[in-house]
Amino acid sequence: QAQLVESGGGLVHPGGSLRLSCRASGFTFRTRIMSWYRQAPGKEREMVSSIYITNNITSYADSVKGRFTISRDNDNNIMYLQMNNLKPEDTAVYYCNSPFQPIAWGQGTQVTVSS
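The rules we used
Residues numbered from 1 in each chain as written. Predicted model: local features only at pLDDT ≥ 70, side-chain atom pairs only at ≥ 80, totals over all residues. Heavy atoms only, no water. Helix = DSSP H or I, 4+ residues; strand = E, 2+ residues; numbered from the N terminus. Buried < 20%, exposed > 50% of the residue type's maximum accessible area, 1.4 Å probe, protein only. Polar contact = N/O pair within 3.5 Å; in protein donor to acceptor, adjacent residues only side chain to side chain. Contact = heavy atoms within 4.5 Å. Disulfide = S-S within 2.5 Å. Pairing = 2+ DSSP bridges. Axes fitted to C-alpha atoms, helices over the stretch in contact; angles between N-to-C directions.

1. Re the side chain of R67
Right, on to step 1. Mapped onto the elements of the fold, R67 is located in the loop between β6 (58-60) and β7 (68-73).
Right, on to step 2. On the basis of relative accessibility, which here comes to 9%, the residue R67 falls in the buried class.
Right, on to step 3. A distance of 3.0 Å separates the side chain of R67 from the backbone oxygen of N85, its partner in a polar contact.
Right, on to step 4. Within the structure, the side chain of R67 is placed 2.7 Å from the side chain of D90, a separation counted as a polar contact.
Right, on to step 5. Setting aside anything within four residues of it in sequence, one finds R67 in contact with Q82, M83, N84, N85, L86, K87 and D90.

Take a look at the structure:
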């Protein structure tokens, strides 16, 4: 069945970097717009970034613009989120999904930014 597995999170200091991965299986990844989301404690899940079926069209929430870069590898069914200059407010569980054809949420990957 369709599945999404996020990885790459961890604990970093402010200003640090992480690269998240989203491995997709069980559906035609290359035909779907994909997005990264995050959910901080006590807050609703929010969309962080989206990418079209190719790497040439992307969008970002204002809070991460200029610091995060989304990309995808359609040959290997993987989506990435490169996160630079991380801030404490980026602390959250990060998830991936298809915004217009959503499937079951994965377990997410925890990102903690703290000194």
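After presenting the structure, the write-up continues.
2. Quick look at the state of the cysteines
Covalent bonding between the sulfur atoms of two cysteines defines a disulfide.
Right, on to step 1. Within the structure shown, the criterion is met by one disulfide.
Right, on to step 2. Residue C22 pairs covalently with C96 via a disulfide, S to S 2.1 Å. Linking C22 and C96, the disulfide has an S-S dihedral of approximately 75° and is accordingly described as right-handed. Of this pair, C22 sits in strand β3 (residues 18-25) while C96 sits in strand β9 (residues 92-97); the two residues are 74 residues apart in sequence, bridging distant segments of the chain.
Right, on to step 3. Overall, the relative accessible area of 0% leaves C22 in the buried class.

3. With respect to unusual backbone geometry
Right, on to step 1. In this model, N77 sits at a positive phi of 55°, which is unusual for a non-glycine residue.
Right, on to step 2. As for its position among the elements, N77 is in the loop between β7 and β8 (78-83).
Right, on to step 3. One non-glycine residue, N85, lies in the positive phi region at around 50°.
Right, on to step 4. The residue N85 is located in the loop between β8 and β9 in this model.
Right, on to step 5. The class for N85 is partly exposed, based on a relative accessible area of 43%.

4. Description of the sheet that holds β7
Right, on to step 1. Strand order in the open sheet made by the four strands is β1-β3-β8-β7, with antiparallel pairing throughout. Since the sheet does not close on itself, it has two edges, and those belong to β1 (3-7) and β7, each with one partner. If you compare each strand with its neighbour and ignore which way they point, the axes differ by 15° on average.
Right, on to step 2. With six bridges connecting them, β3 and β8 associate as antiparallel partners. Across the sheet, the residue bridging to S21 is Y80, located in β8.

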